[in-house]
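# Architecture at a glance
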Amino acid sequence: RPDGCDATFACSDVADGPACLYARPHDLALTDGEGLTARVAEARSLAGRGMLMLDLPQQARRLELDIGHDGPRAIPAEGELVRVRPSRYRVFGID
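This report concerns the structure included in the present document. All values derive from a computational prediction rather than experimental measurement.

## Considerations on the nonpolar core
- If you look at the biggest cluster of nonpolar residues, it comprises 12 residues: Leu28, Leu36, Ala38, Val40, Leu52, Leu54, Leu56, Leu63, Leu65, Ile67, Val82 and Val84.
- When residues of this core are traced back to their parent elements, those giving at least two are β3 (36–46), β4 (49–55), β5 (63–67) and β6 (81–86).
- Every residue in contact with valine 84, bar those within four places of it in the chain, is listed here: Leu28, Ala29, Leu30, Thr31, Gly35, Leu36, Leu54, Leu63 and Leu65.

## Section: the packing of aromatic side chains
- Summed over the entire model, instances satisfying the criterion amount to 1 aromatic pair.
- Ring geometry for tyrosine 22 and phenylalanine 92: centres 5.6 Å apart, planes at 70°, overall edge-to-face. A residue pair is termed long-range when its members are at least 10 positions apart, and tyrosine 22 in strand β1 (residues 19–22) and phenylalanine 92 in strand β7 (residues 90–93) qualify at 70 residues.
- You can call tyrosine 22 partly exposed: its relative accessible area is 46%.

## Looking at the sheet that holds β5
- The strand order β2-β6-β3-β4-β5 describes an open sheet built from 5 strands, whose pairing is antiparallel. With partners counted over all chains shown, the strands left at the sheet margins are β2 (28–30) and β5, one partner each. Across the sheet, the mean angle separating the axes of adjacent strands is 45° when strand polarity is ignored.
- Pairing of β3 with β6 involves 4 bridges; the strand directions are antiparallel. Looking across to β6, one finds that arginine 39 is bridged to leucine 81.

## Let's talk about unusual backbone geometry
- Located in the positive-phi region is glutamine 58, a residue other than glycine, with phi close to 60°.
- Looking at where glutamine 58 falls in the secondary structure, it is placed in the loop between β4 and β5.
- The exposure class assigned to glutamine 58 is exposed, which follows from its relative accessible area of 62%.

## Things to note about the pairing of β3
- Where β3 meets β4, 7 bridges bridge the pair, whose relative direction is antiparallel. Bridge assignment links arginine 39 to a residue of β4, and that residue is aspartate 55.
- Two successive antiparallel strands, β3 and β4, enclose a turn made up of 2 residues, where alanine 47 displays a positive phi of approximately 55°.

## A word on the pattern of salt bridges
- Within this structure, the stated rule accounts for 4 salt bridges.
- Glutamate 34 serves as the salt-bridge partner of arginine 85, at 3.6 Å between the closest nitrogen and oxygen. Of this pair, arginine 85 sits in strand β6 while glutamate 34 sits in the loop between β2 and β3, and the two are 51 residues apart along the sequence.
- Residue classification places glutamate 34 among the partly exposed positions, given a relative accessible area of 40%.

Rules and cut-offs
Residues numbered from 1 in each chain as written. Predicted model: local features only at pLDDT ≥ 70, side-chain atom pairs only at ≥ 80, totals over all residues. Heavy atoms only, no water. Core = buried A, V, L, I, M, F, W, Y, C linked by side-chain atoms within 4.5 Å. Buried < 20%, exposed > 50% of the residue type's maximum accessible area, 1.4 Å probe, protein only. Helix = DSSP H or I, 4+ residues; strand = E, 2+ residues; numbered from the N terminus. Contact = heavy atoms within 4.5 Å. Phe/Tyr/Trp six-rings, centres within 6.5 Å; stacked < 30°, edge-to-face > 60°. Pairing = 2+ DSSP bridges. Axes fitted to C-alpha atoms, helices over the stretch in contact; angles between N-to-C directions. Salt bridge = Lys/Arg side-chain N within 4 Å of Asp/Glu carboxyl O.

Here it is as structure tokens:
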């Protein structure tokens with residue numbers, strides 16, 4: 001369970017304790033269900049694709065999300081709260 005988030009993510013071969021979740025921008029999707037809550041810091045659109053830079057609570061680095069051609073019709077506005085769910089990811093324990 002990420003800090004400050006109610007969403008859970010399955011992970012195997014990782015001991016209990018601090019860990020990092022890694023996902024590529026194109027492996028993240030906006031969702032209405034369970035996911036990470038983030039605020040849109042920057043939104044860009046080019047050639048039918050969208051790119052969001054998201055601020056997550058208690059995280060120093062921004063999350064980059066690529067909205068492909070099959071994404072939602074409207075790109076969320078800067079400042080809007082959204083929910084994000086990774087479709088593919090890896091979890092690495094922190095020693």
